[in-house]
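Coordinates in review
Residue strings, one per chain:
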Amino acid sequence: MLPLLGTILAGLLAFLAGIFEDSESNAGSASNPNSQVQLAPQIGHRHRYFNKAISGEPPANALWATTAATVAVLLAAKFEVFNPVYSVIISSVIGALVSTLLLGLYGIFSHISRIASMKTFKQTLYWDALYSALPLDLSFGFLTAFSLTLLSFTAGMTLDNPFSVPLIAFMLGITIGTIGSATGDIHYGAERLYQHHTFGSGIPIAKQGDIDIKGEYGYRNSVDTPYFTLRFGAIITAFAFGLLIFLDSLSRVFVFSGAWSSVIVTFGMILIIFIVTVLLEKYTRDRYGPFVR
Amino acid sequence: MSTESNKEFTSPQLYLIALVLGMIAILMIKFSHSLTPVAVILIWPAFLCGANAVRQVARYGLGTGTSSIGYWGTAVGATMAFTSQFINPAYNFVSPYFEIFGALIVGAVTGICAQKIIKMKIPVMIRDSAVLASSTAIIAMFFLAMLTEYSAAVFTLDAYIIYPLIYIAITLAILHPFNGSMGAGENQRRTLRLSALEASMTTGLFGLIAILFSEALLLTGVSVILVSMAGFFIFAKRWFAAVKEDTYEFAWTGYPPAEH
Amino acid sequence: MEPITAMLAIILGGVLVGICVHFIPASATGAMSAATGIATGPSMLSAGAGMAGILSAAYSMDSGLAVVLASGASASALMISLTILGGNIANAFGTGVSPASGQTASGQSMPGKSTKDVISGWDQKPYITPGTDGHGMPVQTHISGLIGAVIGGTGGALVLFAVYSLLFPILEQDAAFTISGIISAGIFLINSVLPAYTLVGKTEGMFDQKLRRTPKTLVSCLIVSTVIAILIYGAAVVI
């Protein structure tokens, strides 16, 4: 019973972590779409985005998750006398706060420093563009670190992963960063930044940097971004990451042919996902048809 | 590049400073753990050296992100540093030389492969790959020494819990100064000042970890945090002075000039 | 595993990791639906898949080498196929484009001048937005990504198992697990960056002309992994 319960809990936490991670990266316009925000001043679009380029998403998320998990593990050892579940939750909150502090400092430094490097293109440093987006970004960052830490504790304690909890958090951080930048960011980079371009086309290389700088009202800042991407991009990230953790854990619940059963089940799942992907491609080809100008 | 080239530090200069001071810092901690707060100051140049190496390599446009370079360099340095944990205690005297020069060799070999086999045509590839890997090894060895070189009996938890954090915290501190200042107006002075700022931030984080790690490291942790905070405020002031010089204009709020 | 076999396994695992990056379709401009491939850098993507593989392989460390390798490979492949599915959904419903391979459409892919997908036989050319290099992950890149993930996951799990068998005699069990985990992650990250130098930030997988550059990666990864393996072997066994 315990493995199944752990699997469900892990899937739930991974799903939440996916939503928060993608919203965090979009609120700070991190990862690959950041190149467009960087390009914009060069072609004359002075913007009011929060340009939080800490690094690629994988190392950054690995740092938030690992910091939170390391602090949480060390604290949980000190709180051992209390109820273990409470001690894990409380120490995860404190750990996530520490990593949020780091995220805030790194975010402030990169925004200011990147705007300072845009002197040639006459980009002004708007303080309110930083200070209005930062709290939103920090809260999503806190929630990401918190859910990843709890997920690592779940994997280490109920699913019996032999690695220590911070190492699990490190690996999950790299994986969630990769998935977040590979799935959810498409919605931000190809749609949200280019809403004035026609829906139903990729962004031609020649048009890159021509981002939307006007918002629903006034000039757009990064607070508006998660409002948009939460409805689709974040859910896709959560779907991919949550399903990865859930299916991977679920495959180990089966015991029909010893140690090999999880491998067989996983390959069966991969086959199903492959078929779904092919059907999706066929659907879009039939539905959208060839590209018309 | 808006920088006056005669004022730039070259990476061999920085590496020499980082190597000598970093080595002194590590040996100081090995000699007496109460010297850690002083040693923390001596390890900051290694961060500067690593950040500068990332800057030198990444400026050429490698076809891979700055963050990949950062985590590649730290992967070499930190992996070599972690091998120190399975060296027989009887041969303890080879640390930290084995790890730091091991990382130097691996970095140089990677640079040679990139230059000669993949034919990347980046003149500084070999030198700066080696410098990057080695400076991260210095930092990782320092943190390992700070957290584990104490009498092993007092630990409540084993040191391996901290390894992933050592790896990833160094990665970010090394790659972020250049990645965070990227743009046409990037210059070495501001990048290195940001690097010093983030170095003090990272050592402060490890001060906190030291406090949580073991009762016996409480005093060390508090003193490291105090020294790091002092450094943080000094470097923040210096960095912001550079930002003020480089930024086009500051505005509390407002709209960009109309263009349509 | 004997120590000397473990050293050879570390080298082999490093080379497999290097090769896998060539097979996994990835391109950073994919995030703007402007290129075929998963929307992030090749080395980052392989690292993400490899970490998922290593994490999963760790569960079955007691069941012997074959199961460890298979779990690593299957978890990496699961991660890649879910990422491809997620990316295609984002492209289809977020951007409104159907997956299409840019290089195949321009008639420059490995199988020749045909503009049709090698596996599904669907024509790619009409579906490309002019001025872009394709978008999403069509069937042929999906297959290639799965092959790459299986290779990479096997490599990562092999390194994990080899380092664990080196450390098992000299450290207590929990420490041996975690330290071998972080070292195998480190070796994965080292070897996944070298191919990125060769690929210059973009590949469409095994039907891309860049696959011809694999020997360069293979030799580089072989040399680098050998040096690392010798140093690790030296630290764990000799001194």
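First, a word on scope: everything that follows refers to the structure included in this document. Model, not experiment: these values are computed from the prediction.

**Remarks on the overall build of chain B**
Within chain B, the regular secondary structure consists of eight helices and one strand. Here chain B has a C-alpha radius of gyration of 19 Å; the compact-globule value for 260 residues is 18 Å, and the two agree. Once the C-alpha set of chain B is aligned to its principal axes, its extents read approximately 70 × 50 × 30 Å. Split into buried and exposed, the 260 residues of chain B put 63% on the buried side. For chain B, the distance from the average position of its 14 positive side-chain charges to the average position of its 13 negative side-chain charges is 9 Å.

**Some points on the interface of chain C and chain A**
At the junction of the two partners, chain C supplies 75 residues and chain A supplies 73 residues. Interface area for chain C against chain A, summed over the two sides, is near 6300 Å², with a carbon-plus-sulfur share of 75%. Looking only at chain C, the three residues that lose the most surface to chain A are Met32, Tyr59 and Trp122 of chain C, adding up to 12% of its buried area. For the pair chain C and chain A, the interface holds zero salt bridges. Counting across the chain C and chain A interface gives 16 residue pairs in polar contact (both at pLDDT 80 or more). For the side of chain C that touches chain A, the secondary-structure elements that each account for two or more residues are α2 (42–59), α3 (65–95), α5 (139–167) and α6 (173–199) of chain C. It is α3 of chain C that provides the largest number of residues to the side of chain C that touches chain A, a total of 24 residues. Of the residues in the side of chain C that touches chain A, the class split is 47 nonpolar, 27 polar and one charged.

**Observations regarding the interface of chain A and chain B**
Contacts between the two partners involve 53 residues from chain A, matched on the other side by 55 residues from chain B. Summed over both partners, the interface of chain A with chain B comes to about 4700 Å²; 70% of that surface belongs to carbon and sulfur atoms. Together, Leu74, Tyr106 and Phe109 of chain A form the three largest contributors to the area buried by chain A at its contact with chain B, with a combined 14%. Linking chain A to chain B there are zero salt bridges. Taken together, the connections running from chain A to chain B amount to 20 residue pairs in polar contact (both at pLDDT 80 or more). Put simply, the parts of the chain that give the side of chain A that touches chain B at least two residues each are α3 (57–78), α4 (84–116), β1 (124–126), α5 (127–157) and α6 (165–192) of chain A.

**Regarding empty space enclosed by the protein**
Remark: the empty space left among the atoms is shown by a probe the size of a water molecule rolled over them. Overall, the coordinates contain four cavities of 30 Å³ or more when judged by the stated rule. Volume-wise, the largest cavity comes out at about 170 Å³. Every element with two or more residues in the lining of the largest cavity is listed here: α5, α6 and α8 (233–251) of chain A together with α2 of chain C. When residues of the lining of the largest cavity are assigned to their parent elements, the largest contribution, four residues, is made by α8 of chain A. Across the lining of the largest cavity, the residue classes tally to eleven nonpolar, three polar and one charged.

**Things to note about the sheet that holds strand β2 (residues 35–36) of chain C**
Backbone hydrogen bonds are what pair the strands of a sheet, in a parallel or an antiparallel way. All names here are of chain C. On the basis of which strands lie adjacent, the open sheet formed by three strands has the order β2-β4-β3 and mixed pairing. One side of each edge strand has no neighbouring strand; the edge strands of this open sheet are β2 and β3 (100–101). Examined bridge by bridge, β3 and strand β4 (residues 133–136) share two bridges and lie antiparallel to one another. Along β4, the bridge assignment pairs serine 101 with glycine 134.

**Digging into the packing of helix α1 (residues 2–27) of chain A against α5 of chain A**
Residues and elements named next belong to chain A. Relative to each other, α1 and α5 sit at 155°, their axes nearing to 8 Å. As the angle between them shows, α1 and α5 are arranged roughly antiparallel. Relative to α5, the crossing made by α1 is left-handed. Residues Gly6, Leu9, Ala10, Leu13, Ala14, Leu16, Ala17, Phe20, Glu21, Ser23, Glu24 and Ala27 of α1 lie in contact with α5, whose contacting residues are Ala133, Leu136, Asp137, Phe140, Gly141, Leu143, Thr144, Ser147, Leu148, Leu150, Leu151 and Thr154.

**A closer look at a positive patch on the surface**
A surface patch of like charges, here positive, comprises Lys119 and Lys121 of chain B together with Arg213 and Lys216 of chain C. For lysine 119 of chain B, the location among the structural elements is in the loop between α4 (97–117) and α5 (125–148). Residue classification places lysine 119 of chain B among the exposed positions, given a relative accessible area of 55%.

**Regarding the nonpolar core**
In terms of nonpolar packing, the biggest core is built from 253 residues, with Phe163, Phe170 and Phe241 of chain A together with Phe142 and Tyr167 of chain B touching the most fellow members. Other than its neighbours up to four places away in sequence, tyrosine 167 of chain B contacts Phe170 of chain A, Tyr71, Thr74, Ala75, Ala78 and Phe82 of chain B together with Ile182 and Leu189 of chain C. Residues Ile19, Phe20, Phe140 and Ala238 of chain A belong to the second largest nonpolar core, which totals five residues.

Calculation criteria
- Residues numbered from 1 in each chain as written.
- Chains lettered and ligands numbered in written order.
- Predicted model: local features only at pLDDT ≥ 70, side-chain atom pairs only at ≥ 80, totals over all residues.
- Heavy atoms only, no water.
- Helix = DSSP H or I, 4+ residues; strand = E, 2+ residues; numbered from the N terminus.
- Rg over C-alpha atoms; globule rule 2.2 N^0.38 Å.
- Buried < 20%, exposed > 50% of the residue type's maximum accessible area, 1.4 Å probe, protein only.
- Lys, Arg positive; Asp, Glu negative; His and termini not counted.
- Charge placed at Lys NZ, Arg CZ, Asp CG, Glu CD.
- Contact = heavy atoms within 4.5 Å.
- Buried area = accessible area lost by both parts, 1.4 Å probe.
- Salt bridge = Lys/Arg side-chain N within 4 Å of Asp/Glu carboxyl O.
- Polar contact = N/O pair within 3.5 Å; in protein donor to acceptor, adjacent residues only side chain to side chain.
- Nonpolar A, V, L, I, M, F, W, Y, C, P; charged D, E, K, R; others polar.
- 1 Å grid on protein atoms, 1.4 Å probe; cavity = no way out; pocket = protein on both sides within 12 Å on 5 of 7 lines; lining within 4 Å.
- Points joined across faces, edges and corners; volume = space filled by probe spheres on them.
- Pairing = 2+ DSSP bridges.
- Axes fitted to C-alpha atoms, helices over the stretch in contact; angles between N-to-C directions.
- Parallel < 35°, antiparallel > 145°, perpendicular 65-115°, else oblique.
- Left-handed = near helix turned anticlockwise from the far one by under 90°.
- Patch = residues over 30% accessible without salt bridge, like charges linked within 9 Å, V, L, I, M, F, W, Y side chains within 5 Å.
- Areas by Shrake-Rupley, 256 points an atom, 1.4 Å probe, with all protein chains shown as cover.
- Core = buried A, V, L, I, M, F, W, Y, C linked by side-chain atoms within 4.5 Å.

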